[in-house]
Amino acid sequence: MSLSTQPRIATPIPAVEQPEIGPRKDRGLHSGVRLGIRGRTMHLRGVRPPRAGILGLLSILGPGLIAATAGDDAGGIATYSQVGAKYGYELLWVLVVITVTLAVVQEMCARLGAATGRGLLELVRERFGIGWALFAVAVVLVANGGVIVTEFLGIAAAAELFGITRFFAVPLSAVLVWYFVVGGNYASVEKFFLLMTLAFFAYPIAAFMAQPDLGEVARGMFIPTIRTDPDYLALVVALIGTTVTPYMQLFQQSAIVEKGVARRHYGPERADAYFGALFGNIIAALIVIAAAATLHATGNTDIQTAADAARALEPVAGHAASAVFAVGLLGASLLAAGVLPLATAYSISEAFGFRRGVNLDFRRAPMFIGIFSVLVFLGAAIALLPGVPLIALLVGIQTLNGVLLPVILVFILLLINDRRLVADPLRNGLLYNVVGWGSVVLVGGAAFTLVLNQALGIFGLNFF
């Protein structure tokens, strides 16, 4: 029996004036999983309480860990490497602050998915109308489509560091990602993505091999350093935009829905969201530390891509450190190359009311599978074209994500506080609302600064 959400009709539906939606009601030990809209419920015996002990701890890892680590993708690694190479350990305190924001936002999405049984854009369409849903879909499609290309460019760069041509590595990776998602079910896809997260353990090794000054690391983490030069402030904005990106929230909630998490068994998913945010940002900090201990220490600040960072490590930390860094880049790019198109396919299908879910085949969910397939293979094909402007692409994508993220955060907060959707105790409390709205101000200010500075840059001016 499928765990995927299945609206009653498989054609686009308009927004309704008074959508029949409300808090999800679980019944019995094996709680019902809300499928579709308008209260259709199916009881699934596969949803069981989590096990205790180490096996129980491992069993809770899923959407939260996958979403957060996917944010440490090729573009993220490039940004973190630039931060470490240019400013050493000075910006580690920003990552500490962002970790709180990321954990709260991701947990709210997981809670919203468990409480309603619907994805984020499906709720946006039902509560705020098709116009807002179309706006979100347009920006998500363009932004995520561009990031998918950069993931395959990251795969190409990592493969070439090992002497493998991109014309072999990129098509093989695209087929591998596509096969595991389209040919599997949710459980197998989640295991595949979790397996990819093991590659991130390359960065603790790289950081250890770089032999950082632990005193300086602690100083950078807990004593804020603020500068007013344009490069410093631009990297602060980039750090926020890279660490908290919209597709992470979209994937988190959609995956929780497809996983069939019952609200009475939501506790482990909260732990997964928090652990994922913490783990993902620890990895980001280790990338900064590795670059700071090697590249910044030697004055090598000319880092534009993650591959540049891996190559630059070799003269300082040796070939092994460079190879380990490259392994992390390859695994990170592979993970994001699967998560990004899947999050996009979920979002578009939710916004238009199409059937969706990795448990469904092409015959039952043609739009969902079709969107995912097109994004994967088109992204891989564009990455193979000569002269793809990687840096310009990343800047444009970052701008789009910066515009969308505050909007997504506002939607999340409005929905999670809506009594018609979320019943106690899953609705936000005072602390979550304070941190949540504070994050909107923080991220919105960063996005505004980024967009304004880039707009002024067209006329040769700078905001700061």
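All values reported here derive from a predicted model rather than from experimental measurement. (Residues numbered from 1 in each chain as written. Predicted model: local features only at pLDDT ≥ 70, side-chain atom pairs only at ≥ 80, totals over all residues. Heavy atoms only, no water.)

Take the side chain of Arg-118 next. Looking at where Arg-118 falls in the secondary structure, it is placed in the loop between α4 (92-116) and α5 (120-128). Take Arg-118: its relative accessible area is 0%, and that puts it in the buried class. (Helix = DSSP H or I, 4+ residues; strand = E, 2+ residues; numbered from the N terminus. Buried < 20%, exposed > 50% of the residue type's maximum accessible area, 1.4 Å probe, protein only.)

With that settled, consider the environment of Leu-384. Positionally, Leu-384 belongs in the loop between α16 (366-383) and α17 (390-416). Between the C-alpha atoms of Leu-384 and Phe-167, which are 217 residues apart in sequence, the distance is 6.9 Å. The residues touching Leu-384, leaving out its near neighbours within four places in the chain, are Arg-166, Phe-167, Val-170 and Pro-171. (Contact = heavy atoms within 4.5 Å.)

The next point concerns the environment of Val-137. Position of Val-137 among the secondary structure elements: in helix α6 (residues 130-161). Spatially, the C-alpha atom of Val-137 lies 9.6 Å from that of Glu-350, the residues being 213 residues apart in sequence. Beyond its immediate stretch of four places on either side in the chain, Val-137 contacts Leu-121, Ser-347, Ile-348, Ala-351 and Phe-352.

This part takes up the confidence of the model for the protein chain. Of the residues in the protein chain, 78% reach a pLDDT of 70 or more, and the chain-wide mean stands at 78. Here strand β2 (residues 41-43) stands out as the least confident element of the protein chain, with mean pLDDT 36; α16 is the most confident, with 92. Low pLDDT, under 50, characterises residues 1-21; the stretch is placed with 63 contacts to residues that sit more than four places away or in other chains. Confidence over residues 25-50 falls short of pLDDT 50; this stretch has 75 contacts with residues more than four positions distant or in other chains. (pLDDT = per-residue confidence, 0-100.)

In this section: the pattern of salt bridges. Going through the model one piece at a time under the given rule, you end up with twelve salt bridges. Close ionic contact of Arg-356 with Glu-122 constitutes a salt bridge, the shortest N to O distance being 2.4 Å. With Arg-356 in the loop between α15 (319-352) and α16 and Glu-122 in helix α5, the pair connects residues that are 234 residues apart, well separated along the chain. Comparing Arg-356 with Glu-122 shows no difference in burial state: the two are buried. (Salt bridge = Lys/Arg side-chain N within 4 Å of Asp/Glu carboxyl O.)

In this section: the packing of aromatic side chains. Under the definition given, this model contains twelve aromatic pairs. Their ring planes at 40 degrees and their centres at 5.0 Å tell us that Phe-128 and Phe-411 sit as a pair that is tilted. A residue pair is termed long-range when its members are at least 10 positions apart, and Phe-128 in helix α5 and Phe-411 in helix α17 qualify at 283 residues. The exposure class of Phe-128 is partly exposed, given its relative accessible area of 31%. Through a chain of ring-to-ring contacts, the aromatic side chains of Tyr-179, Phe-180, Phe-192, Phe-193 and Phe-251 assemble into a single cluster. Its end group placed over the ring of Tyr-432, Arg-111 keeps NZ or CZ at 4.8 Å from the ring centre. (Phe/Tyr/Trp six-rings, centres within 6.5 Å; stacked < 30°, edge-to-face > 60°. Lys NZ or Arg CZ within 6 Å of the ring centre and 35° of its normal.)

The next point concerns helix α8 (residues 186-196). Residues of α8 that are buried include every one of Tyr-186, Val-189, Glu-190, Phe-192, Phe-193, Leu-194 and Met-196, and no others. Here the buried face of α8 lies against α2 (63-70), α7 (166-182), α12 (246-259) and α15.

Turning our eyes to something else, we now look at helix α13 (residues 267-298). The end-to-end C-alpha distance of α13 is 47 Å, a good match for the 46 Å that 32 residues give at a rise of 1.5 Å each. By the largest-angle criterion, Ala-292 marks the main kink of α13, which is about 40 degrees. Just downstream of α13 lies Gly-299, where phi reads positive at about 80 degrees. (Expected span 1.5 Å × (residues − 1). Bend = angle between axes of the 7 residues up to and from the residue.)

With that settled, consider the packing of α7 against α15. Between α7 and α15, the least distance of the axes is 10 Å, while the angle of their chain directions is 55 degrees. In terms of axis orientation, α7 runs oblique to α15. Taken as a pair, α7 and α15 cross one another with a handedness that is right-handed. Mapping the contact onto sequence places Ser-173, Val-177 and Val-181 in α7 and Leu-334, Ala-337, Gly-338 and Leu-342 in α15. Residue composition of the contact of α7 with α15, grouped by class: five nonpolar, two polar and no charged. (Axes fitted to C-alpha atoms, helices over the stretch in contact; angles between N-to-C directions. Parallel < 35°, antiparallel > 145°, perpendicular 65-115°, else oblique. Left-handed = near helix turned anticlockwise from the far one by under 90°. Nonpolar A, V, L, I, M, F, W, Y, C, P; charged D, E, K, R; others polar.)

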